Amino acid sequence: MLRRINDFVTTLPFWLIAVTMAAGGIACIVGCMLWFGATFDYTLQSVLTGSILLGIVTGVLGCFVTLKRQSLVGDVLAHAALPGVVIAFLIAGSGLSVLLVGAAIAGWLGLQVVSLILDTTRLKQDTALGIVLATFFGLGISILSYTQGREDAGRVGLDKFFFGQAATILGSDVLIISGITVIVLVIIIAFWKEFTLSTFDPEFAMTNGFAVRMYDLLLSSLVTITIVTGLQLAGVVLMAGMLVAPAVAARQWTDDLGEMVILSAIFGAIAGGLGAMLSGIGWGRPTGPMIIALAAMITFGSLVIAPARGMLWDWLQRWLDRHRFETENLLSDLYRFAERNQKKDYVLEEKLLIGLRGWFAYIGLRDLQRNGLITRKDSGWALTDEGYSRAEAEHQKRVQQQNQENA
Amino acid sequence: MQIDTKNAIQIENLTVAYRGKPALWDVSLTVPEGVLMAIVGPNGAGKSTLIKSMMNLVPRAGGTIKFYGKSYRQMRNSVAYVPQRASVDWDYPTSVLGVVLMGLYGQMGLFQRPGKKQKALAMEALEKVDMADFSGRPIAQLSGGQQQRTFLARALVQDAQIYLMDEPFAAVDAVTERAIVAILQELRSRERTVLVVHHDLQTLQEYFDHAALINQELFASGDIESTCTPENLRRTYGGQFMGWLAGEQ
Amino acid sequence: MQVIERLIIDFFLIFMSPETLRDILGNPQIVATVIGIFVAGSASLLGVWLVVRKMSLTAGAISRTVLLGIVGMFILLTDILNFPGDLESPLLIVGAAIAGLVTVYLTELVFSSGLVKEDAALGLVYPLLFAVALIAISEFVDDVHLDQDSVMLGEIGIAWLDFNEHCLENCDTVIITEDSPGARFGRECINCEPSGEFRPFDEGAIFEPICLNCGEIPASIAYNRGYTDVQPELIFFPKSITTTGLTALINLLFVGLFFKYLKISTFDSALASALGLRPGLWMYALMLLVSVTTVTAFSAVGAILIVAFFIVPPATAYLLTDRAAYMVIYSGLIGALSVITGYQLSQGRFLGILKIEPMLVFIDNNLLDLQGYTTWNTNVAGSIVTMTGFFFLLAWVVSPRYGVLSTMIRRRQQNQEFAEQMLLIFLKKQEKQINSTELPDLLQWTAAKTQRILKRALSRQVIQQNGNALELTETGHNQIEQFSLTS
């Protein structure tokens, strides 16, 4: 029966699945809000909107990032951005856009250094990423502590920027996040073909005249800006996670990149919205961790139950196969004994069958009985007429097969 | 050195260095129009490097490569590439049709989406490789031979003059092998030029009419009969091809 | 722990006086350097294997997830088993170790489903574990000092302040009785609430003198409060020295004893499997030590410094040598050097030569408005990490074997050799004489390149020039013969 459900879900059109998920997510969010009586005040609005938008952006970008096997780049960028932020602060004060620009430049620089290390040394990607992550961050901390000597308001802004306090997010911050969301979506849609091909087969793309390096650069710039913007809301480690979880979840439900991106955006939005809502009503106060926890739940859930790829169906299939196999064996056992003793309805002790085939026999026997192939007699089982003819037929088939193989 | 514009490909003194070692050394090769030429040689001989350097995918230390007398950049739209299967992660979320359509991306503008015309061309190409039924299949579910045919279709859809293929026959099933051979014949009949990196000496004479023997240098090239003499093969392969030699006579 | 510290103190007292020892242990810089070197050493011993096995980022991930281990164990101890909340408990280390192993195990589990790639698996697992840790902290643990700053950054500069007290002389606990000279007295109402019915200001309240400080009191406290004149001789031993030192020792023993196994498991894991050596198990053991090292270093140096030590000096060593043993040694040395120069940097001296503050003054006056803040007294951990980056940069550019400079130089030489060979072969193949002026066209070289190669060939006497005509010399002919394509 479960198999029928699986088959059914596989044949559903994608848009139906997507809409259902989105609707479900919205229902959860609104439901939480009403049930727990959260006041829909300004802060909650901002956090909610910001989180949802952030979820969408990271979901979309995350698809390309994970397909390029660069899942950990978010973490690296978030750390590499620090020196940029602090230096920008020293140069031009603590306006948010200033800090963002500094972060973006530093992030971009970090990725260039990674490429350079990969191109000129025998160090591998994970080491190069780690080097940039640690050293840039260390440099940033060093300069940051220098500014700690200063006690102006700007310094406070810097703290808030990096260590993220979702509760203090402002409407202007949401505006920036919205702007970035729009930019990212527009660019992704505009350059859809280019991104797809560059990610799938960069060599082929180059032979077709695509400037693959440029598209890589564009993508990494978008990722940098997104990460840095989201730092305030969710913190460092969690932004990195949001680039991975929704994309991985979405991949389990579809084999088409377009659908994957849409679904990933939906998953990201749900995680963001629900996380913000739950944290807003006091259920685990820090917002970022709630969001990523939800995203992870969605992901692990997808890994298990998604039709076709999901692990659940794998296990199910194996269980069903084993069941069928064991049942056949039971039948042939009864047949063999019947033949040997020249009695069509020879009774085999249940204990013997269990001994032969293990505890699985219990289920197998009940199944055979249900199908009318065997019947209970005293403390054992015997083939019915139908069961006997079936067993006989199967036996013949097996013998034939063996003869063919030996021929 | 005359550059004969009638030749599909003319390579002069090509040298490619990789990390300080020569991968290809002073290779000069002429590929006339309309031939099916195999590039053969032992492992690591630089065969793939030759193909890739033709398309500027690897940098050159010296030499020139001309397509009908012009540079690759000018003739890019007339050259189609079939890379090795292993160069791509097949777990990518796209369908067979999606991959073939990618072959047309180079001809489409920035905001253009593949439309009916492109899809028709793609299906036509898939018909030729006998994969039309699989057009909606996710590529993650393809067998090796099916993957190869998909790549082939992607190249065919570009309707190029020159086709460069890297080990298309590697580890494919018999059905796929026959399909590829049929494609090669069809291309030749339409006077297209095909250059194929090939590893199997047994099928060389059967599938191709020309060959180039490469082992960092070019040892011989031309039509199969005069090129693939035991002497030439010995010089190219060093001691590696004794088995083939035994079967020759 | 105290016992070990005592032993160490006794050992050093053989060589020096208590005053000297006290000065040393009370010197922030020395203490910081010692701790830093221990940590750097531990991390280098382990980090080399991580770099080779491409598990550097796993170490980074573990540095975050150990938080969950600590928190989890803490909650287990306090809320469930109702032990008092002790942030120093060695059981927390056990929690951290478990967390590290769980991280690796979960990552492999997710990866083994076949549905997720390795990098994505890691990127899925550790943010989740970290998030759970943060949620758990905010839910269950209220007033403990697990604030993000100190977890992430630590403060090695003040590590010397967190110490255990050890007493050398006059250590007996002081017993104060009512007759002792230091006894202090107060008055207590013996029939007041709650035992009686009166309140202190009522009429019938009866007071009696009471000894306020009678009993057994530790010597140092008694002295500090003036109850006694006898001064105990104390040594203050920073705790972090013991923990990091112990960890370094364990790591050293592990790597030393099992060097061969580690080497083969990381450099050639296929061979290791074939030999039945179970490289996977060694990786798990490694990760266990990584977790333990991370958590013992937390309080002293913070997570980010640990990650840096696990990755950057080993990577630097990787650029300097091919041999595992040397990698470990170089890595340790570079780590130690980074600690020393890092501490200097935090105080404004770069490599003992450049001074930062004058530069700041310059910047303040001419480039940016620094509002007169020209003191550079900064976070030590950050400076140390910066120095590891500096040494990496140095090796990257200058390393004789793998450095960028030497590679460039080598490539140029090789390119020139090739070009010369091409020239020689070209000349040999010609039937008629070639003039040097014709070369650029014929070889498709730029005029500049032609000049360069010609000059080189002439100076090496492989060709000779009569007017403009070029000809191979005998040396040139020989060179063509000898040129081996496989060189």
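Whatever comes next refers back to the structure up there.
Not measured: the values here are computed from a predicted model. (Residues numbered from 1 in each chain as written. Chains lettered and ligands numbered in written order. Predicted model: local features only at pLDDT ≥ 70, side-chain atom pairs only at ≥ 80, totals over all residues. Heavy atoms only, no water.)

Visitor: For the overall build of chain A, give the residues involved together with the corresponding values.
Guide: If you tally the helices and strands in chain A, you get 19 helices and three strands. Out of the 407 residues belonging to chain A, those deemed buried represent 56%. Counting every atom, chain A has about 17400 Å² of accessible surface; 63% of that belongs to carbon and sulfur. (Helix = DSSP H or I, 4+ residues; strand = E, 2+ residues; numbered from the N terminus. Buried < 20%, exposed > 50% of the residue type's maximum accessible area, 1.4 Å probe, protein only. Areas by Shrake-Rupley, 256 points an atom, 1.4 Å probe, with all protein chains shown as cover.)

Visitor: I'd like a rundown of the pairing of strand 2 (residues 374–377) of chain A, residues and numbers included.
Guide: Regular strands have side chains that alternate between both faces of the sheet. All names here are of chain A. Here strand 2 pairs with strand 3 (residues 380–383) via four bridges, running antiparallel. Bridge pairing in strand 3 places R376 opposite W381. Between the antiparallel neighbours strand 2 and strand 3 lie two residues, among them D378 with a positive phi of about 55 degrees. (Pairing = 2+ DSSP bridges.)

Visitor: Can you break down the interface of chain A and chain B residue by residue, with the values?
Guide: The interface is formed by 27 residues belonging to chain A together with 31 residues belonging to chain B. When the buried area of chain A at its contact with chain B is split by residue, A:K193, A:F200 and A:F204 rank highest and sum to 30% of it. For B:D91, the salt bridge goes to A:R251, with nearest N and O atoms at 3.4 Å. Elements with a contribution of two residues or more to the side of chain A that touches chain B: helix 8 (171–190), helix 9 (192–200), helix 10 (202–207) and helix 14 (257–280) of chain A. Ranked by residue count, the leading element in the side of chain A that touches chain B is helix 9 of chain A, at seven residues. Classifying every residue of the side of chain A that touches chain B gives 12 nonpolar, five polar and 10 charged. (Contact = heavy atoms within 4.5 Å. Buried area = accessible area lost by both parts, 1.4 Å probe. Salt bridge = Lys/Arg side-chain N within 4 Å of Asp/Glu carboxyl O. Nonpolar A, V, L, I, M, F, W, Y, C, P; charged D, E, K, R; others polar.)

Visitor: How would you summarise the sheet that holds strand 3 (residues 36–40) of chain B if you had to cite specific residues and measurements?
Guide: All names here are of chain B. On the basis of which strands lie adjacent, the open sheet formed by six strands has the order 5-6-7-3-8-9 and mixed pairing. Pairing within the sheet leaves two strands with one partner each, and these edge strands are strand 5 (79–82) and strand 9 (217–223). Going across the sheet, the axis of each strand differs from the next one's by a mean of 15 degrees, ignoring polarity. For strand 6 (residues 162–166) and strand 7 (residues 193–197), the ladder comprises five bridges, and the chain directions are parallel. When the sheet's bridge partners are listed, D166 is paired in strand 7 with V197. On the sheet, helix 5 (residues 144–156) packs against strand 5 and strand 6 and is oriented at approximately 170 degrees with respect to strand 5. (Axes fitted to C-alpha atoms, helices over the stretch in contact; angles between N-to-C directions.)

Visitor: Quick rundown of a negative patch on the surface? Include the residues and the values.
Guide: A cluster of acidic residues, B:E124, B:E127, B:D130 and B:D133, forms a negative patch at the surface. Within the secondary structure layout, B:E124 lies in helix 4 (residues 116–128). (Patch = residues over 30% accessible without salt bridge, like charges linked within 9 Å, V, L, I, M, F, W, Y side chains within 5 Å. Lys, Arg positive; Asp, Glu negative; His and termini not counted. Charge placed at Lys NZ, Arg CZ, Asp CG, Glu CD.)

Visitor: Would you mind going over the packing of helix 3 (residues 42–67) of chain A against helix 14 of chain A in detail, with residue names and values included?
Guide: Residues and elements named next belong to chain A. One way to put it is that helix 3 packs onto helix 14 with a least axis distance of 7 Å and a crossing angle of 150 degrees. The handedness of the crossing between helix 3 and helix 14 comes out as right-handed. On helix 14, the residues that touch L44, V47, L48, S51, I52, G55, I56, G59, V60, C63, F64 and L67 of helix 3 are L257, M260, V261, S264, A265, G268, A269, G272, G273, A276, M277 and G280. The residue makeup of the contact of helix 3 with helix 14, split by class, is 16 nonpolar, eight polar and no charged. (Left-handed = near helix turned anticlockwise from the far one by under 90°.)

Visitor: Run through the side chain of A:T254, naming residues and quoting values.
Guide: Residues and elements named next belong to chain A. Relative to the helices and strands, T254 resides in the loop between helix 13 (245–251) and helix 14. In this structure the side chain of T254 is engaged in a polar contact, spanning 3.0 Å, whose partner is the backbone nitrogen of D256. When sequence neighbours within four positions are dropped, the list of residues in contact with T254 reads E259 and M260. (Polar contact = N/O pair within 3.5 Å; in protein donor to acceptor, adjacent residues only side chain to side chain.)

Visitor: I'd like to hear about the interface of chain A and chain C, residue by residue, with values.
Guide: If you look at the interface, chain A gives 59 residues, while chain C gives 58 residues. A per-residue breakdown of the area chain A buries against chain C is headed by A:L72, A:R122 and A:Y146, which together make up 15% of the total. Linking chain A with chain C are two salt bridges. Of all elements in the fold, only helix 4 (73–92), helix 5 (96–120), helix 6 (125–147), helix 12 (236–242), helix 13 and helix 15 (287–305) of chain A reach the threshold of two or more residues within the side of chain A that touches chain C. Ranked by residue count, the leading element in the side of chain A that touches chain C is helix 6 of chain A, at 16 residues.

Visitor: Pulling in residues and values, what's your account of the packing of aromatic side chains?
Guide: Applying the stated criterion across every chain, the model contains 21 aromatic pairs over all chains. Taking the centre distance of 5.6 Å and the plane angle of 65 degrees together, the rings of C:F390 and C:F391 count as edge-to-face. On the basis of relative accessibility, which here comes to 24%, the residue C:F390 falls in the partly exposed class. By relative accessible area, which is 11% here, C:F391 ends up buried. Here a set of aromatic residues connected by ring pairs shows up, and it is made of A:F64, A:F191, A:W192, A:F195 and A:Y215. The aromatic ring of C:Y318 is capped on one face by A:R122, whose charged end is 4.2 Å from the ring centroid. The ring of A:F337 is capped by A:R340, whose NZ or CZ atom sits 5.2 Å from the centre of that ring. (Phe/Tyr/Trp six-rings, centres within 6.5 Å; stacked < 30°, edge-to-face > 60°. Lys NZ or Arg CZ within 6 Å of the ring centre and 35° of its normal.)

Visitor: Could you give an account of a nonpolar patch on the surface, with specific residues and numbers?
Guide: All names here are of chain C. Judged by side-chain polarity, V3, I4, L7, L246, L249, I250, L252, L253 and L257 come together as a nonpolar surface patch covering roughly 850 Å² of accessible area. Every element with two or more residues in the nonpolar patch is listed here: helix 1 (2–12) and helix 9 (239–257). In this structure, L7 sits in helix 1. The exposure class of L7 is exposed, given its relative accessible area of 56%.

Visitor: Provide a residue-level description of the environment of A:I180, including the pertinent values.
Guide: Residue and element names in this part refer to chain A. On the secondary structure map, I180 appears in helix 8. Accessibility expressed as a relative area gives 13% for I180, which makes it buried. In this structure the C-alpha to C-alpha distance between I180 and Q342, which are 162 residues apart in sequence, comes to 82 Å. When neighbours within four sequence positions are excluded, I180 is seen to be in contact with I225, T226 and T229.

Visitor: Account for helix 1 (residues 47–54) of chain B, with residues named and values stated.
Guide: All names here are of chain B. For helix 1, a buried count of six out of eight residues is recorded, marking the element as mostly surrounded by other parts of the structure. All buried positions along helix 1 are accounted for by K47, S48, L50, I51, S53 and M54. Just downstream of helix 1, N56 is the residue with a positive phi angle, here 60 degrees.

Visitor: So what about the sheet that holds strand 3 of chain A? Which residues, and what values?
Guide: Residues and elements named next belong to chain A. Strands sit in the order 1-3-2 across an open sheet of three strands; the sheet is antiparallel. Both edges of this open sheet fall to strand 1 (348–349) and strand 2, since each of them pairs with a single strand only. Looking at chain direction, strand 1 and strand 3 are connected through two bridges and run antiparallel. Its bridge partner lying in strand 3, E349 is registered against G380. Each of strand 1, strand 2 and strand 3 is contacted by helix 16 (residues 311–340), which is oriented at about 80 degrees to strand 3, the strand it contacts most.

Visitor: I'd like to hear about the environment of A:I270, residue by residue, with values.
Guide: Residue and element names in this part refer to chain A. Along the polypeptide, I270 turns up in helix 14. The exposure class of I270 is buried, given its relative accessible area of 15%. For I270 and L219, which are 51 residues apart along the polypeptide, the C-alpha to C-alpha distance reads 24 Å. Excluding residues that lie within four positions of it along the chain, I270 makes contacts with M21, G25, I29, G275 and I298.

Visitor: Lay out the pattern of salt bridges with the relevant residues and their values.
Guide: Under the counting rule described, the total for this entry stands at 22 salt bridges over all chains. Among the ionic pairs, B:D91 bridges to C:K117, the shortest N-O distance being 2.9 Å. Linking B:D91 in the loop between strand 5 and helix 3 (96–102) with C:K117 in the loop between helix 5 (91–112) and helix 6 (118–140), this pair reaches from one chain into another. Owing to a relative accessible area of 22%, C:K117 belongs among the partly exposed residues under this scheme. Three or more residues joined by partner-sharing salt bridges are found here, namely A:R69, A:R251, A:D255, B:D89, B:D91 and C:K117.

Visitor: Can you tell me about unusual backbone geometry, naming the residues and giving the values?
Guide: Residue and element names in this part refer to chain B. You will see that N56, though not glycine, has its phi angle at about 60 degrees, which is positive. With respect to the helices and strands, N56 occurs in the loop between helix 1 and strand 4 (62–67). Not every positive phi belongs to a glycine, and Q216 is a case in point at roughly 65 degrees. Mapping Q216 onto the fold places it in the loop between strand 8 (210–215) and strand 9.

Visitor: Would you mind going over helix 2 (residues 14–35) of chain A in detail, with residue names and values included?
Guide: Residues and elements named next belong to chain A. The end-to-end C-alpha distance of helix 2 is 31 Å, a good match for the 32 Å that 22 residues give at a rise of 1.5 Å each. All of the buried residues along helix 2 are F14, I17, A18, M21, G25, I29, C32 and M33. Relative to the axis of helix 2, the buried residues are bounded by an arc of 140 degrees and lie together on one face. Of the exposed residues in helix 2, those oriented more than 90 degrees away from the buried face are W15, I26, L34 and W35. (Expected span 1.5 Å × (residues − 1). Arc of directions from axis to C-beta.)

Visitor: Describe the packing of helix 5 of chain A against helix 6 of chain A, and please don't skip the residues or the numbers.
Guide: All names here are of chain A. Following both chains from N to C, one finds helix 5 and helix 6 inclined at 140 degrees, their axes separated by 9 Å at the closest point. One element, helix 5, and the other, helix 6, form an angle in the oblique class. Crossing of helix 5 against helix 6: the hand is right-handed. Facing A106, L109, G110, V113, V114, I117 and L118 of helix 5, the residues of helix 6 in contact are Q125, A128, L129, I131, V132 and F136. Residues of the contact of helix 5 with helix 6, tallied by class, amount to 11 nonpolar, two polar and no charged. (Parallel < 35°, antiparallel > 145°, perpendicular 65-115°, else oblique.)

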